[in-house]
Amino acid sequence: MRALVISGGGSKGAFAGGVAQYLMEEERKSYDMFLGTSTGSLLITHLAANKIETIKQAFTHVTQSSIFDNNPFLIRKKKGTHHIKINHLNVLKNFIKGRKTFGESFNLRRLLANEISASFFEKVKASEKEVIVCVSNLSTNSVEYKSIHDFDYHDFLDWIWISCNYVPFMSLVSKEGCEYADGGLGCIIPIEKAIILGATHIDAIMLDTEFQQTNRVHSSNPFDALGIVFDFISDRISSQNIHIGNLLAKDYNVDLRIFYTPKVLTTQSLVFDQEQLKTWWQLGWDYAKSR
């Protein structure tokens, strides 16, 4: 069985889309399983249906307003670099409403419903492809994997949305009596799960460089500091995921190929710039070709 696994990484998911497009269209790779965390979960349903141009068009045209109905950030672009500050007014509005996070991402849930119709969902579900998204259950302190074959249309779209909700900047979701958040809080790239499910050949796309290539500048505000802390934790989790994945691949004689980004794409993965997204998609395609 062949599996395509895509890590979390926010806007850097465009790079993963380019890599996947090359593998499926140029290398003619056919996968039985598609597993994704966070931004990876946004791509895999369309990839399973081989609707690559559709998801490319959708992903590369995402904006901040596509994601947030209450955006906790103020974004300024200076000399080609994005700078993030706190949108104090929006954060205050959220707290006045009794919300548990700085921002809300219900627009992303609506976007998912627009891009994945009920009929499209049923077509993918009826196929032999396995589509699995990773979520973090904060109530039980565990990582859960949700298969398209186990849920109806609305529930599975909820799981995709939840997998992408980077708390505390995006929505904290209560479902089935538990509080759920971004799958990347527990598992950045689910290689281990793919092996457990029986994958013998895995192409994994890790939305980060293989080795650290940058030192972060000092934080300029509380959001910067919080983002840096979360990035540090994510780096540790992804390193562990890759290490365990490599060990299991050797133990189970799995052919594992990992694609890393050839350079640091951004340190602001919650900023969605359409021109940047298009550039990263092409970069992913070019990089996969060079491999």
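Please refer to the structure higher up on the page.
Residues numbered from 1 in each chain as written. Predicted model: local features only at pLDDT ≥ 70, side-chain atom pairs only at ≥ 80, totals over all residues. Heavy atoms only, no water.

Peer 1: Residue-level account of the packing of aromatic side chains, with values.
Peer 2: Two descriptors summarise a pair of aromatic rings, namely the distance from one centre to the other and the angle between the planes of the rings. Scanning the model with the defined rule gives 14 aromatic pairs in all. Consider the rings of Tyr 31 and Phe 34, whose centres lie 5.8 Å apart with planes at 75°: the pair is edge-to-face. Taken as a pair, Tyr 31 and Phe 34 share a single burial class, namely buried. Considering the side-chain rings of Phe 121 and Phe 156, the 6.1 Å spacing of their centres and the 40° angle between planes classify their relative orientation as tilted. Separated by 35 residues along the polypeptide, Phe 121 in helix H7 (residues 118–126) and Phe 156 in helix H8 (residues 153–164) bring together distant segments of the chain. Aromatic rings pair up to connect Phe 68, Phe 73, Phe 95, Phe 102, Tyr 166, Phe 169 and Phe 230 into one cluster. Directly above the aromatic system of Phe 232 lies the positively charged group of Arg 236, at a separation of 5.8 Å from the ring centroid. Between Arg 291 and the ring centre of Phe 259, over which it is positioned, the NZ or CZ distance is 4.7 Å. (Phe/Tyr/Trp six-rings, centres within 6.5 Å; stacked < 30°, edge-to-face > 60°. Buried < 20%, exposed > 50% of the residue type's maximum accessible area, 1.4 Å probe, protein only. Helix = DSSP H or I, 4+ residues; strand = E, 2+ residues; numbered from the N terminus. Lys NZ or Arg CZ within 6 Å of the ring centre and 35° of its normal.)

Peer 1: Before we move on, could you go through the nonpolar core and cite the residues and values that matter?
Peer 2: Grouped together as the largest cluster of nonpolar side chains are 68 residues, with contacts concentrated most on Leu 4 and Leu 47. If we skip the residues at most four places from it in the chain, Leu 47 touches Leu 4, Ile 6, Ala 20, Met 24, Phe 34 and Ile 52. Within the second largest apolar cluster, 22 residues are counted, among which are Ile 195, Met 206, Leu 256 and Ile 258. (Core = buried A, V, L, I, M, F, W, Y, C linked by side-chain atoms within 4.5 Å. Contact = heavy atoms within 4.5 Å.)

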